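Structural overview for review
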Amino acid sequence: MSKKMQSNILLLLTALIWGSAFVAQKSGMDYIEPFTFNGIRLFIGGLVLIPVVLIMNGKSKNDSQEDDRRALTEEEAAKKKKDLLIGGVCCGLALFAASSLQQFGVSYTTAGKAGFITTLYVVFVPIISILLRKRVRPIMWLCVVLGAVGLYLLCMTDASFSLQFGDTLVLLCAVCFAVHIMTVDHFITKAEGIQLSCIQFLTAGILGLICMAIFEDPDMGAIIDCWLPILYAGVLSCGLGYTFQVVAQKYAEPTVASLLMSLESVFAVISGAILLHETMSMRELSGCVVIFAAVIISQLPEKKKKEGVDLQ
């Protein structure tokens, strides 16, 4: 089996893990409150990545010795460490906001709906890019329109021309995930990916635990009863899922990788139907299809313009 095929399989597993994690998040609300669940699972996700970071650091040192690369000066090492810490904390703040809104939102809506609404972060990213004066492909405006149509079909009802409370929270979560993506995009060139992710998970987890202590009344017995959803969302979704993504994207084509990971929303609906017996009307399913189409179109590569002269 080729490395590219192995990578595609890992990305498919990543989408499956992330999609089914919505079920774990939904199930967790039967036992404990949102900040408690979110804080514990994100902190566990950070702890799970610590051994991965240590292993990769050891491997990186060996590779550096073999390649006889120039050692970093103390000033360069200090700047790199500072960028890593600042980036990890900033990404953690954005992740905390996004995951908290998602966790509260999934308490009031279905896992399937939450999965598809969350994927709208792909559509919100170019809107934020415009505010940052970055170039946005024209096709993205079609994706914005499709996303809005899909959201209408999925969430609006004939009786009420307004988003339900849970759907609104998850939509805000999608906006925050878009901010998170832009934050990661800014810092990923300055720090190693898994190290950055580890710090962001620990930061978001600590913030969640602080909010748990302030706003909620955690019950240790309920937390123990919720061990399976917490471990699934923490160990598999945060720790293993992200590691799979980083390892797989080394050999996968970027477009294929993004399309495979966007299947997260489809797996959210399937796992919600199988494990939680959730159902959707034809109107809601149509909304899912339109949103998924918007996500896929947004990931298609831009055609390069043919040049009249060869560039030297």
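Predicted model, so just to flag it, every value in this text is computed and none were measured. (Residues numbered from 1 in each chain as written. Predicted model: local features only at pLDDT ≥ 70, side-chain atom pairs only at ≥ 80, totals over all residues. Heavy atoms only, no water.)

1. Notes on the side chain of Thr203
In this fold, Thr203 is placed in helix α8 (residues 193–215). For Thr203, a relative accessible area of 15% puts it in the buried group. For Thr203, the contacting residues outside a window of four places in its chain are Gly88, Val89, Gly92 and Leu93. (Helix = DSSP H or I, 4+ residues; strand = E, 2+ residues; numbered from the N terminus. Buried < 20%, exposed > 50% of the residue type's maximum accessible area, 1.4 Å probe, protein only. Contact = heavy atoms within 4.5 Å.)

2. Remarks on the nonpolar core
Counting 26 residues, the largest nonpolar core has Phe116, Ile117, Leu120, Leu151, Leu154 and Ile291 as the members making the most contacts within it. Of all the elements in the fold, those that place two or more residues in this core are α1 (3–28), α4 (111–118), α5 (121–131), α6 (139–155), α7 (165–187), α12 (264–275) and α13 (282–299). Residues in contact with Phe116, not counting those within four places in the same chain, are Leu154, Ser265, Val266, Val269, Cys288, Ile291 and Phe292. Listed in part, the 17 residues of the second largest apolar core include Phe35, Val53, Ala98 and Tyr242. (Core = buried A, V, L, I, M, F, W, Y, C linked by side-chain atoms within 4.5 Å.)

3. Considering the confidence of the model for the chain
For the chain, per-residue confidence averages 83 on the pLDDT scale, and 87% of positions sit at 70 or higher. Taken element by element, the predicted model of the chain shows its lowest mean pLDDT in helix α11 (residues 254–261) (66) and its highest in helix α9 (residues 220–225) (94). Low pLDDT (under 50) marks residues 306–312, which in the prediction has zero contacts with non-local residues, meaning those over four places away or in another chain. (pLDDT = per-residue confidence, 0-100.)

4. Re α13
The end-to-end C-alpha separation of α13 is 26 Å, in line with the 26 Å expected for 18 residues at 1.5 Å each. Taken residue by residue, α13 has Glu284, Gly287, Cys288, Val290, Ile291, Phe292, Ala294, Val295 and Ser298 as its buried positions. Lining the buried residues of α13 we find α4, α5, α6 and α12. (Expected span 1.5 Å × (residues − 1).)

5. Things to note about α6
Look at α6: 24 Å from first C-alpha to last across 17 residues, which is about the 24 Å you get at 1.5 Å a residue. For α6, every residue scored as buried is listed here: Met140, Cys143, Gly147, Gly150, Leu151, Leu154 and Cys155. Looking straight down α6, one finds that the buried residues subtend no more than 100° of arc, so they occupy a single side. If you follow the buried residues of α6, they end up packed against α4, α5, α7 and α13. (Arc of directions from axis to C-beta.)

6. Details of unusual backbone geometry
Phi angles above zero are rare outside glycine, and His277 is one such case at about 60°. Among the secondary structure elements, His277 is positioned in the loop between α12 and α13.

7. Considering a nonpolar patch on the surface
Taken together, the side chains of Met1, Met5, Ile9, Leu13 and Leu16 define a hydrophobic patch exposed on the protein surface, amounting to about 470 Å² of accessible area. Mapped onto the secondary structure, Leu16 falls in helix α1. (Patch = residues over 30% accessible without salt bridge, like charges linked within 9 Å, V, L, I, M, F, W, Y side chains within 5 Å. Areas by Shrake-Rupley, 256 points an atom, 1.4 Å probe, with all protein chains shown as cover. Salt bridge = Lys/Arg side-chain N within 4 Å of Asp/Glu carboxyl O.)

8. With respect to the environment of Ile297
Relative to the helices and strands, Ile297 is located in helix α13. What makes Ile297 partly exposed here is its relative accessible area of 23%. C-alpha separation for the pair Ile297 and Leu146, spaced 151 residues apart in sequence, amounts to 9.8 Å. Apart from the residues lying within four places of it in its own chain, the contact partners of Ile297 are Ile139, Cys143 and Leu146.

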